[in-house]
Amino acid sequence: MGIALEKISGVLQKFPGGSVLATSFDAVANRARANSLWPLAFGTKCCAIEMLMATGGPFQDMARFGSEVARQSPRQADFMVIAGAIVRKMAPCVRLLYEQMAEPRYVMATGSCAISGGPFLYNSYTIIRGVDEIIPVDVYVPGCPPRPEAFFWGLLTLQKMIREGESLRAPGIRRKPVTAALPQGITLQDIREEMRRLLEAENVVDVTKATEARAWTEKVEQWTQKHCLRF
Amino acid sequence: MDAEALLEVLIASEPAARKRDKTNRTAIQAPVENLLPLMKRLRQDERLAFDLLLDHTAIDWLAEGRFELVYNLYSTIHGHSLMVFTSVPRDNPLAPTVSEIWPTAHWQEREVFDLFGVLYDDHPDLRRLFLDDDWKGNPLRKDYQDDSMLARPQ
Amino acid sequence: MTVRIRTLEEIVRPPQTADSPFSTQEYFVNMGPQHPIAHGSLRLVLLLDGETVRRVIPAPGYVHRGIEKMAESLTYRQIVHLTDRMDYLSALMNNWALSKTVEEAGGIATNPRIETIRTLMAELQRVQSHILWWGVLGMDLGAFTAFLYAFRDREIIGEIFEDTIGARLTMNYIQPGGLMFDVHPDFARKVKKLIVYLRTILDEYDTLLSGNAILQERLRNIGVLTPEKALALGCTGPVLRASGVPYDLRKAEPYGVYDQVEFDVVIGSRGDCWDRYYARIEEIRQSLRILEQLIDNIPPGPTMVTKFAERIKIPEGAYYGQMETARGVLGVFLVSDGRADTPYRIHFRSPNFNNLWAITALAPGWRIADLIAIQSSLDLVIPDIDR
């Protein structure tokens, strides 16, 4: 479908006012893509129970967002939910599954293990600290395991991204990744750099340096104070 | 059979076995040379009849230069349980396999081989279990070095 | 002295069978870590002859995080959250196994209120785990409706847990020395309502799946596990009991308040997939019996006997504690050197690890579809195998 519409939009652009028609095609195609994301049924650990099975169940019901059909083969899916910890033995399989998905394809990292290694960050000799070391991730959903409602927030964020960001003329090029539930004014890059600095500092075992460098936690604290219910 | 009677029967029949203290279950300690006949007797003697090998694992005593192998046995017929401890030297960790007596040891010994490096004599299929076949080193040893391990700051 | 170390590639080499009647050739197929029936990331290398399975070589390790090595640098309270993530469908029972061993080793005595609440939570979790297993078995065998019914009921139990514990899946509730929080005031009322509701639901499950002719054809007389073989392979839990061996730790070495309640141990007669299936359905009924007897009789008292921030130190020695989770005997082997507040070595005797290898003995000779039925009836949770 991508190639045909590219050809159509290529032809349309030559006419006066044609790019307007192509833009409408974009909107229609993006809306169609966003509302029919088919997840790949791939879960490693506990997050799979919550993110893939419970959200498919009757109380949470992923089907109302269009993700009814969880395909078993990556060739037929366009949306991979990494639910669970990825270890070194599994990493080539994850990369292979990602490569097997046809473009446009999206990846959502759910749960702390997939985002950064989770509870297994320290002293584990096999864990991959964050699945974004292997494959590019679009949306991060934090939690251990995230609630199904958090998963839906991530899914809706992804749908919004697709509706706004993706273009027919260049499918597969997307905007930089977003994190569901990041406070205002903080980007993923900030957090990554801070974490890298923290880890490097901590591993030289200088605890005072590590506590002084926690600038971003203050921002998160302030935002939480302002927006979260305290009781 | 209760704990004292069990220990009496065992130590009477196997002079090299001794009672092991500092556990919360009935436990004996035996040298590794006498391990295989002892295990055979534990399985086949009708008063003992340990038919379920619950668990087999190892402990790395780095300071003392030995691996301590632990076997956890239970008898569904009599309802008594026993732990058998034995030691192999760390620089030549050779132990007999009990997978002829309890087939479940086949895979429990593979796990100990993978994570500690203990070699089992006459094991039908000695291969790494959890880690890749070309992994270097045995992670659960106390002196295992790995650049990818991130240590927790104290 | 023969110690020969092999690799998987040596075993997986295409053999030639020139003398089979239809000139079929055996071939290796990977039922890889990503598979709808994998229940996690379990890789099975199958040697197939047409559609008949000749040999199954499980290759675990795709979720091996090294929990035992990690636990050597964590205090006992900090290890509890890692036990949740092993067999996450009986997370509370995993917590209890570790807490029990630490309490036995450290000489910490709990009080009846703690033990009663622990028993109640464990039985609720057992019901929840068996219901999920039932739904997944239906899905594996092609009956997706069973999955939806099971998750409806699982969410109801999950809400009860969430009121008290705050978490839906990874509980971290039962700590050495007691419990994290006291039970919610609505707990008893909701559990009583649940017991009545679940009794009708179990009849619905029987109508939906157990009485179905297709399910019976797929499960009866498939994968028969004799009691001697089950013991030799180290199986415990419903797999062993369905083969006829009455080994249930709740009766053999009672812990909690199991010695004060009346319930039956469910034993099968033939050891086929159907016995393993129905044994778990009956276990749900027995768990409901236990819940009924305990829910109104929770004795008063504190829910934590040690101070929460206190570091637990265990005297030198090697200790072993075990308990019956939804899948079998979970044992915790703890070695302490008496000085540090972290264990010197901790090893989890995982029920799924020992049940997994039964598939190498059961599957050969059956077809691929029967292999699926056998694997579902063994009820494996893969992170528990790999730890």
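Residues numbered from 1 in each chain as written. Chains lettered and ligands numbered in written order. Predicted model: local features only at pLDDT ≥ 70, side-chain atom pairs only at ≥ 80, totals over all residues.

Novice: Report on the overall build of chain A, specifying residues and quantitative values.
Specialist: Counting its secondary structure elements, chain A contains nine helices and five strands. The secondary structure elements of chain A, listed N-terminal to C-terminal, are α-α-β-α-β-α-β-α-β-α-β-α-α-α. Within the span of chain A, comprising 231 residues, buried residues form 40% of the whole. Counting only contacts in chain A whose residues sit at least 6 apart along the sequence, the fraction spanning at least 24 positions is 73%. (Helix = DSSP H or I, 4+ residues; strand = E, 2+ residues; numbered from the N terminus. Buried ≥ 20, exposed ≤ 12 C-beta atoms within 10 Å, placed from the backbone. Contact = placed C-beta atoms within 7 Å.)

Novice: Outline the overall build of chain B, supporting the account with residue identities and numerical values.
Specialist: Along its length, chain B carries three helices and seven strands. By the compact-globule yardstick of 15 Å for 154 residues, chain B fits well, its C-alpha radius of gyration being 17 Å. Dimensions along the principal axes, computed over C-alpha positions, put chain B at roughly 50 × 35 × 25 Å. A separation of at least 24 residues holds for 47% of the contacts in chain B among residues at least 6 apart in sequence. (Rg over C-alpha atoms; globule rule 2.2 N^0.38 Å.)

Novice: Please give an account of the nonpolar core that cites residues and values.
Specialist: Soluble, globular proteins show a tendency: their nonpolar side chains are buried together. Of all hydrophobic cores here, the largest spans 210 residues; its most connected members are Met80 of chain A together with Leu73 of chain B. Not counting chain neighbours up to four residues away, the residues in contact with Leu73 of chain B comprise Leu42, Phe50, Leu52, Leu53, Leu54, Ser81, Leu82 and Val84 of chain B. (Core = buried A, V, L, I, M, F, W, Y, C linked by C-beta atoms within 7 Å.)

Novice: Let's hear about the sheet that holds strand β6 (residues 317-324) of chain C: which residues, and what values?
Specialist: Residues and elements named next belong to chain C. The three strands lie next to each other as β6-β7-β8, forming an open sheet whose pairing is antiparallel. Strands at the two margins of the open sheet, each flanked by one partner only, are β6 and β8 (345-349). Each strand axis lies, on average, 15° off the axis of its neighbour in the sheet, ignoring direction. Bridge count between strand β7 (residues 329-336) and β8: five bridges; the pairing is antiparallel. Bridge pairing in β8 links Leu334 to Ile346. (Pairing = 2+ DSSP bridges. Axes fitted to C-alpha atoms, helices over the stretch in contact; angles between N-to-C directions.)

Novice: Could you give an account of the pairing of strand β3 (residues 52-59) of chain C, with specific residues and numbers?
Specialist: All names here are of chain C. Here strand β2 (residues 43-49) pairs with β3 via seven bridges, running antiparallel. The residue bridging Leu44 from the neighbouring strand is Pro58, located in β3. Count of turn residues in the β2/β3 antiparallel hairpin: two residues, of which Gly50 carries a positive phi of about 70°.

Novice: Describe in detail the interface of chain B and chain C, supporting the description with residues and values.
Specialist: Each side of the interface is counted separately: chain B has 34 residues, and chain C has 39 residues. The set of elements that each furnish at least two residues to the side of chain B that touches chain C consists of β3 (52-61), β4 (66-74) and β7 (119-121) of chain B. When the residues that make up the side of chain B that touches chain C are grouped by side-chain class, the tally is 17 nonpolar, seven polar and 10 charged. (Nonpolar A, V, L, I, M, F, W, Y, C, P; charged D, E, K, R; others polar.)

Novice: Provide a residue-level description of the interface of chain C and chain A, including the pertinent values.
Specialist: It is common to give the size of an interface as the accessible area that goes away when the parts come together. With 27 residues of chain C in contact, the opposing surface of chain A contributes 28 residues. For the side of chain C that touches chain A, the elements supplying multiple residues, two or more each, are α2 (67-70), α3 (76-84) and α6 (144-165) of chain C. Sort the elements by how many residues they give to the side of chain C that touches chain A and α6 of chain C lands first, with four residues.

Novice: Explain the confidence of the model for chain B to me, and be specific about the residues and the numbers.
Specialist: Mean pLDDT over chain B: 85, with 96% of residues reaching 70 or higher. Two summary scores accompany this predicted model of the complex, namely pTM at 0.85 and ipTM at 0.89. (pLDDT = per-residue confidence, 0-100.)

Novice: How would you explain the packing of α3 of chain C against helix α4 (residues 91-106) of chain C if you had to name every residue and give the values?
Specialist: Residue and element names in this part refer to chain C. Taken N-terminus to C-terminus, the directions of α3 and α4 make an angle of 150°; their axes are 8 Å apart at the nearest point. Judged on the interaxial angle alone, α4 and α3 are roughly antiparallel. You can see that α3 and α4 cross each other, and the crossing is right-handed. The residues of α4 that touch α3, namely those facing Tyr76, Ile79, Val80, Thr83 and Asp84, are Ala91, Asn94, Asn95, Leu98, Ser99 and Val102. (Parallel < 35°, antiparallel > 145°, perpendicular 65-115°, else oblique. Left-handed = near helix turned anticlockwise from the far one by under 90°.)

Novice: So what's going on with the pairing of β4 of chain B? Residues and values would help.
Specialist: All names here are of chain B. A large share of β4 lies buried, amounting to seven of its nine residues. In this structure, β3 lies alongside β4, joined through nine bridges in antiparallel fashion. Across the sheet, residue Thr57 finds its bridge partner in β4, namely Val70. Examined bridge by bridge, β4 and strand β5 (residues 81-89) share nine bridges and lie antiparallel to one another. In the strand pairing of β5, Glu68 is matched with Ser87. Between β4 and β5, which pair antiparallel in sequence order, lie six residues; one of them, Gly79, sits at a positive phi of approximately 85°.

Novice: So what's going on with the sheet that holds β5 of chain B? Residues and values would help.
Specialist: Residues and elements named next belong to chain B. On the basis of which strands lie adjacent, the open sheet formed by five strands has the order β1-β2-β5-β4-β3 and mixed pairing. Each edge of the sheet is formed by a strand with only one pairing partner; in this case those strands are β1 (18-19) and β3. The sheet contact formed by strand β2 (residues 27-29) and β5 spans three bridges and is parallel. Across the sheet, Gln29 pairs through a bridge with Phe85, a residue of β5.

Novice: How would you summarise the packing of α4 of chain C against helix α5 (residues 112-140) of chain C if you had to cite specific residues and measurements?
Specialist: All names here are of chain C. Orientation of α4 relative to α5, taken along the N-to-C sense of each, is 140°, at an axis distance of 8 Å. Classified by the interaxial angle, the pair formed by α4 and α5 is oblique. Facing Leu92, Met93 and Trp96 of α4, the residues of α5 in contact are Arg118, Met121, Ala122 and Gln125. Taken together, the residues of the contact of α4 with α5 sort by class into five nonpolar, one polar and one charged.

Novice: Talk me through helix α3 (residues 46-54) of chain A; I want residue IDs and the actual numbers.
Specialist: Here α3 of chain A lies mainly inside the structure; nine of its nine residues are buried. Of all the residues in α3 of chain A, the buried ones are Cys46, Cys47, Ala48, Ile49, Glu50, Met51, Leu52, Met53 and Ala54 of chain A.

Novice: For α6 of chain C, give the residues involved together with the corresponding values.
Specialist: With 22 residues, α6 of chain C should cover 32 Å at 1.5 Å per step; its first-to-last C-alpha distance of 30 Å lies within 8% of that length. Taken as a whole, α6 of chain C has its buried residues at Ala146, Phe147, Tyr149, Ala150, Phe151, Asp153, Arg154, Ile157, Ile160, Phe161, Thr164 and Ile165 of chain C. For α6 of chain C, the elements touching its buried residues are α3 of chain A together with α5 and α7 (187-210) of chain C. Once α6 of chain C ends, the next one or two residues include Gly166 of chain C, with phi positive near 95°. (Expected span 1.5 Å × (residues − 1).)

Novice: Explain the environment of Leu42 of chain B to me, and be specific about the residues and the numbers.
Specialist: All names here are of chain B. Mapping Leu42 onto the fold places it in helix α2 (residues 35-44). Exposure remark for Leu42: the 25 C-beta atoms within 10 Å place this residue in the buried category. Considered as a pair, Leu42 and Leu73 are 31 residues apart in the sequence and their alpha carbons are 9.1 Å apart. Those residues in contact with Leu42, other than ones at most four positions away along the chain, are Leu48, Phe50 and Leu73.

Novice: Tell me about the confidence of the model for chain A, and name the residues and values.
Specialist: Residue and element names in this part refer to chain A. Put simply, chain A has an average pLDDT of 72, and 64% of its residues get 70 or more. Ranking the elements of chain A by mean pLDDT puts helix α8 (residues 207-212) last with 41 and strand β2 (residues 79-83) first with 89. Confidence drops under pLDDT 50 across residues 204-217; counting only partners more than four residues distant or on other chains, this segment forms 15 contacts.

Novice: Report on unusual backbone geometry, specifying residues and quantitative values.
Specialist: Cis peptide bonds are those with omega within 30 degrees of zero, and the linkage from Cys144 of chain A to Pro145 of chain A qualifies with -10°. Along the chain, Pro145 of chain A falls in the loop between β4 (139-141) and α6 (148-165).

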